[in-house]
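Per-entry structural report
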Amino acid sequence: MNALSICNLRKTYSNGFEALKGIDLQVDAGDFFALLGPNGAGKSTAIGIISSLVTASSGSVSIFGHDLNTERNLAKNCIGLVPQEINFNQFDTVESIVLNQAGYYGTPRKLALQRTEYCLKQMDLWDKRDTISRRLSGGMKRRVMIARAMVHQPKLLILDEPTAGVDIEIRRSMWQMMQEVNQQGTTIILTTHYLEEAESLCRNIAIIDEGRIVEHSDMASLLARLHIDHFVLDLAEPLTTAPVIEGCHIELISDKVLNVAIPKEIRLNDLFNQLTAQNIHVMSLKNKTNRLEQLFMDLVTSK
Ligand code: ADP
């Protein structure tokens, strides 16, 4: 069963701007799915339509088999949305934010209390339940948003940049929490600007650009298509010009730092041997970008 099925979805805003130009998208039940794209690509428009905040111009959306046009309430009940901006009442306590949401979905009070406790524990916020939410850190506020979106037990959780602006340590702990939620059976669609986040969490991926899907595949086969690695090399001695090595693209970034693009068929050892032959000694090497980032840049700039 598909958690989400989108067919030929179009959105033209009232000013005539075509934000979505006929997108097709399938997300399997149980998936952890990345929806990526540069700013203005159409991600928020698509998410807005899926979560009934924006009306599509044409096309169809079905969520766990419920068509958004003909079974809107059933479809909506399947979804928990975590929008980008913090939008709860910052003067409410953590517990009441989550509890009120359960009430909004008509959950009986006793059950709502149980679910609130469960979701807050899952987001590591139970100790903070009586805290006025404006006193929380940015990372905690984002976790309150996730707990609130989960309290009616949606089968599909849509996370729109849930870790934006959160420092890396907290981000990693949030990854673990999201993974646990997914492992317990909730389908997750994630948008993020942190491509390492998508790479390490998501099994399938779609990339949207200028209102069109430019890539829709599983993460492993997408990454397998990468045929060039990028490295930064720190050198022992300064250089005035970049060395020339056949097949590689090498730039001198500063007198002791080289940027190297090396095709998969050239082994790193061969690169080092050739550099040594030119009397260039490498002190350290690091990957310049994460792998998905390279592909992403190729896909959205290659038209
Ligand atoms: P993303 O979330 O990928 O950054 P959006 O879906 O927000 O992209 O926007 C896609 C395009 O649609 C952008 O060019 C944006 O300016 C335009 N857009 C978004 N909302 C509106 C609106 N209400 N009216 C007109 N144009 C809009």
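Residues numbered from 1 in each chain as written. Predicted model: local features only at pLDDT ≥ 70, side-chain atom pairs only at ≥ 80, totals over all residues. Heavy atoms only, no water.

1. Description of the sheet that holds strand β11 (residues 228-235)
Spatial strand order, β12-β13-β11-β14: 4 strands in an open sheet with antiparallel pairing. Where the open sheet ends on each side, the last strands, each with one partner, are β12 (249-254) and β14 (282-287). Ignoring strand direction, the axes of neighbouring strands in this sheet form an average angle of 25 degrees. Strand direction decides the pairing type here: β11 and strand β13 (residues 257-263), joined by 7 bridges, are antiparallel. Its bridge partner lying in β13, H230 is registered against A261. In the packing of helix α9 (residues 268-277) onto the sheet, contacts are made with β11, β13 and β14, and the angle to β14 comes to roughly 145 degrees. (Pairing = 2+ DSSP bridges. Helix = DSSP H or I, 4+ residues; strand = E, 2+ residues; numbered from the N terminus. Axes fitted to C-alpha atoms, helices over the stretch in contact; angles between N-to-C directions. Contact = heavy atoms within 4.5 Å.)

2. Considerations on the site of the ligand
Near the ligand, the surroundings consist of Y13, N15, F17, A19, P38, N39, G40, A41, G42, K43, S44 and T45. Between A41 and the ligand, the recorded distance is 3.1 Å, taken from a backbone N or O atom to an oxygen atom. In isolation the ligand exposes 570 Å². Once the protein is present, 64% of that is buried. For the shell around the ligand, the class distribution of residues is 5 nonpolar, 6 polar and 1 charged. (Near = heavy atom within 4 Å. Polar contact = N/O pair within 3.5 Å; in protein donor to acceptor, adjacent residues only side chain to side chain. Areas by Shrake-Rupley, 256 points an atom, 1.4 Å probe, with all protein chains shown as cover. Nonpolar A, V, L, I, M, F, W, Y, C, P; charged D, E, K, R; others polar.)

3. Observations regarding the pairing of strand β7 (residues 156-160)
Judged by how many residues are buried, β7 sits mostly within the fold: 5 of 5 residues are covered. Across the two faces of β7 the burial is the same, with L156, I158 and D160 and L157 and L159 all buried. Bridge analysis of strand β6 (residues 79-82) against β7 gives 4 bridges, and the strand direction is parallel. Bridge pairing in β7 links G80 to L157. Note: β7 against strand β8 (residues 187-191), 5 bridges, orientation parallel. (Buried < 20%, exposed > 50% of the residue type's maximum accessible area, 1.4 Å probe, protein only.)

4. Structural notes on the pattern of salt bridges
One pass over the structure, following the stated rule, counts 6 salt bridges. Of the charged contacts, one joins E117 and K121 as a salt bridge, the two residues approaching to 2.5 Å between their closest N and O atoms. Taken together, the positions of E117 and K121, both in helix α4 (residues 109-122) and 4 residues apart, correspond to about one turn of that helix. Judged by its relative accessible area of 28%, E117 falls in the partly exposed class. We classify K121 as partly exposed; its relative accessible area is 46%. Two residues, E196 and R171, come together in a salt bridge whose shortest N-O distance is 3.9 Å. Taken together, the residues span a long stretch of sequence, with E196 in helix α7 (residues 195-201) and R171 in helix α6 (residues 168-183) at a distance of 25 residues. In this structure R171 comes out as buried when scored by relative accessible area, which is 8%. (Salt bridge = Lys/Arg side-chain N within 4 Å of Asp/Glu carboxyl O.)

5. A few points about the packing of helix α3 (residues 94-104) against α4
One can describe the packing of α3 onto α4 by two numbers: an axis separation of 9 Å at closest approach and a directional angle of 130 degrees. In this view, α3 runs oblique relative to α4, as classed from their interaxial angle. You can see that α3 and α4 cross each other, and the crossing is right-handed. Between α3 and α4, the residues in contact are V94, E95, V98, L99 and A102 and R109, A112, L113, T116 and L120, respectively. (Parallel < 35°, antiparallel > 145°, perpendicular 65-115°, else oblique. Left-handed = near helix turned anticlockwise from the far one by under 90°.)

6. What about the pairing of strand β9 (residues 204-209)?
Of all 6 residues making up β9, 5 are buried, and the element is well covered by its neighbours. Where strand β3 (residues 32-36) and β9 come together, 4 bridges link them in parallel fashion. If you follow L36 over to β9, its bridge partner there is I207. Two strands pair when backbone bridges link them, and β9 and strand β10 (residues 212-218) are joined in this way by 6 bridges, in the antiparallel orientation. Bridge pairing links I208 to I213 in β10. Between β9 and β10, which pair antiparallel one after the other, the connecting turn spans 2 residues, and E210 there sits at a positive phi close to 50 degrees.

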